[in-house]
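# Observations on the three-dimensional arrangement
Residues per chain are reported as follows:
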Amino acid sequence: MDILVVGAGLTGATLARALAEKGHEIRLIEQREHLAGNCFDYFNDNEIDVHMYGTHIFHTQSAEVWHFASRFAEWYPYQHEVRAFIDGKLVPVPFNINSIEALFPTSIADRLIYALLNEFGLGQKVPILELRKSQNKDLQFLANYVYEKVFLHYTEKQWGFTPEQLDQAVTGRVPVFVGKDNRYFQDKYQGIPIAGYTRMVERMLEHENISVDLNTKFSRDQLEEVDHCFYTGAIDEYFNYVLGELPYRSLKFNFLEFNRAHFQPYAVVNYPNNYDWTRIGEYKYFLDTKSDKTVVSYEYPEAFVRGQNERYYPIPNEANDKLYKRYLELAAKEAKLTFAGRLGDYRYYNMDQAMLRAIKLSESF
Ligand code: FAD
Ligand code: UDP
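This one's a predicted model, so the numbers in the text were calculated from it and none came from an experiment. (Residues numbered from 1 in each chain as written. Chains lettered and ligands numbered in written order. Predicted model: local features only at pLDDT ≥ 70, side-chain atom pairs only at ≥ 80, totals over all residues. Heavy atoms only, no water.)

### Let's talk about the overall build of the protein
Heads up, the rule is: Numbering goes from the N terminus for both helices and strands, where a helix is a DSSP run of H or I of at least four residues and a strand is a run of E of at least two. Based on C-alpha atoms, the radius of gyration is set beside the globule rule, defined as 2.2 Å times the residue count to the power 0.38. Burial classes follow relative accessibility: with a 1.4 Å probe on protein chains only, a residue under 20% of its type's maximum area counts as buried, one over 50% as exposed, and anything between as partly exposed. Residues are treated as being in contact if the distance between any of their heavy atoms lies within 4.5 Å. Each accessible area is a Shrake-Rupley estimate made with a 1.4 Å probe; only the visible protein chains count as cover when residues are assessed. The charge count includes Lys and Arg as positive and Asp and Glu as negative, but it does not include His or the ends of the chains. To locate a charge, take NZ of a lysine, CZ of an arginine, CG of an aspartate or CD of a glutamate.
A tally of helices and strands in the protein yields 13 helices and 19 strands. Since a compact globule built from 365 residues should have a radius of gyration of about 21 Å, the 22 Å found for the protein is in line with a globular shape. Based on the C-alpha atoms only, the size of the protein along its principal axes is roughly 70 × 50 × 40 Å. Burial statistics for the protein: of 365 residues in total, 56% are counted as buried. By sequence separation, contacts in the protein at least 24 residues apart represent 72% of the contacts at least 6 residues apart. Surface accessibility of the protein: about 16400 Å² in total, with carbon and sulfur atoms responsible for 49%. Of the charged side chains in the protein, 40 are positive and 50 negative; the average position of the first set lies 5 Å away from that of the second.

Structural data, given as structure tokens:
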């Protein structure tokens, strides 16, 4: 079949490759001047791999996704750690036993750790909104502390909502961890593509059945020339906002270069309480690049406004889910069209989830 894929992010690129390998002819269009969507990166003059839309760490439990991606990338075995600036200290997030020990005097820390181990057990991951339900007095104290110092103000900055006003899965992405593993992700497969994400996507698209047009925005007349279209742009935009706009969160990135080896001790430092930014990413850590210069980005969350900034995060809550489902009903009437991706499915996908969705769609097509 002749297939149009709209959007050259990881969803569109995975779809294009997987469908091309099944023998279909793919035309991929992308409105931006570059491939890879929000995973786009480039190597700067000092060979530092800069991720233009914020720090991106690949992590998955899916062997299928990992093996698919690994056909197009060699991996640097990077394991991500984040520190949060809390009460003047840099402590591990996800908040864990080491964070407790760093912040509290030993006698209190021991009590809190004992209570955590007793109620949940070693190795458990407890979303903050679950921890807050504990009846144990020590855990109530801990939950209130972590809620206030780690989650509340970060979430208000990031989303413009409190944790309770969002789907619980949002803060559940970073659960309190009853253990001492400081890594942000404990997935079996993790890494950074040694040649960068953009190169990985380029390699996915190097196939005789795939043609790519950058700087090309979707228009409906393109549908007439093809048998099917996979659309990874925003579903509300496709339908010209007839049911109203689906809200998104955007970010402003402030990139700075410094004439020194390092700016901060970890690739990402979160600032839940102080300052207007939520986090600072330092890029040389990802591939352990040696340089006497370094590049960082400050992330300032803001509302998405059409024509002014980019859609980065769908906002998971009940009202938005309802509106999205009404758009899905419209989508069901479009015989030639399948929506996918963070924007098409209005889902807070990680890279691996976006790829898995694309692989599954290509298999069932
Ligand atoms: P996108 O990357 O958004 O691609 C969609 C593409 O479609 C875009 O290039 C867009 O320009 C194009 N498009 C849209 N409409 C049209 C149109 N009408 N015509 C033509 N082209 C169009 N995931 C992780 O796994 N690990 C991380 O560490 C991580 N960090 C992140 C940090 C930030 C700040 C953000 C915002 C996301 C992060 N993610 C991370 C998520 C990751 O970026 C997404 O999972 C992934 O980019 C989704 O790919 P996609 O193809 O669905 O969407
Ligand atoms: N979060 C928080 N404090 C932190 C880290 C995360 O409150 O120090 C909450 C916040 O609501 C955030 C969500 O958990 O948006 C998910 O965090 P994650 O790091 O997964 O966000 P992403 O990398 O997708 O921006």
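There's more to say after this.
### Considering the sheet that holds strand β6 (residues 75-76)
Quick reminder of the rule: Whether two strands pair comes down to DSSP finding at least two bridges between them.
If you walk across this open sheet you meet the three strands as β5-β11-β6, and the pairing is antiparallel. Among the strands making up the open sheet, the edge pair consists of β5 (58-60) and β6. Pairing of β5 with strand β11 (residues 189-193), which is carried by three bridges, proceeds in the antiparallel orientation. Opposite Phe58, over in β11, you have Gly191 as the bridge partner.

### Remarks on the site of ligand 1
The line we're drawing: Nearness is judged by heavy atoms alone; a residue qualifies as near a molecule or strand once a single heavy atom is within 4 Å of it. Nitrogen and oxygen atoms within 3.5 Å of one another constitute a polar contact, given that in protein one can donate a hydrogen and the other can accept it, and given that sequence-neighbouring residues count only through two side-chain atoms. The residue classification treats Ala, Val, Leu, Ile, Met, Phe, Trp, Tyr, Cys and Pro as nonpolar and Asp, Glu, Lys and Arg as charged. All others, Gly included, are polar.
If you check the shell around ligand 1, you find 31 residues, and the closest are Thr11, Glu30, His56, Ile57 and Met351. One nitrogen or oxygen atom from the side chain of Thr11 is found 2.6 Å from an oxygen atom belonging to ligand 1. At 3.1 Å, a backbone N or O of Phe218 approaches a nitrogen atom of ligand 1. Its free accessible area being 1000 Å², ligand 1 has 96% of it covered by the protein chains. Counting residues per element, the ones that place at least two in the shell around ligand 1 are α1 (10-21) and α12 (341-344). Residue composition of the shell around ligand 1, grouped by class: 12 nonpolar, 13 polar and six charged.

### Examining the side chain of Thr11
Within the element layout of this structure, Thr11 appears in helix α1. Non-local contacts of Thr11, meaning those with residues more than four positions away in its chain, are made with Thr232, Ala340, Gly341, Ala354 and Ala358.

### As for the nonpolar core
Note the threshold: The definition of a nonpolar core used throughout is a set of buried Ala, Val, Leu, Ile, Met, Phe, Trp, Tyr and Cys residues joined through side-chain atoms within 4.5 Å.
By size, the foremost hydrophobic cluster in this structure holds 81 residues, and its most contacted members are Phe58, Met200 and Phe218. For this core, the element with the most residues is α1, which contributes six residues. When sequence neighbours within four positions are dropped, the list of residues in contact with Phe58 reads Val65, Trp66, Ala69, Trp75, Tyr189, Gln190, Gly191, Tyr197, Met351, Asp352 and Met355. In this structure, Val91, Leu112, Ala115 and Leu152 belong to the second largest nonpolar core, which totals 30 residues.

### Re the sheet that holds strand β16 (residues 279-282)
Here is the rule: Note on geometry: axes are lines fitted to C-alpha atoms, helical ones only across the stretch in contact, with angles between N-to-C directions running from 0 to 180 degrees.
Ordered in space as β8-β7-β15-β16-β17-β14-β18, the seven strands form an open sheet in which the pairing is mixed. Two strands lie at the open edges of the sheet, namely β8 (89-93) and β18 (313-314), each paired on one side alone. Taken together, the two bridges between strand β14 (residues 248-258) and β18 define a ladder with antiparallel strand orientation. Looking at the pairing, Tyr248 lines up with Pro314 of β18. Its contacts with the sheet place helix α6 (residues 137-159) against β7 (82-86), β8, β14, β15 (268-270), β16, β17 (294-303) and β18, and it is angled at close to 100° to β14.

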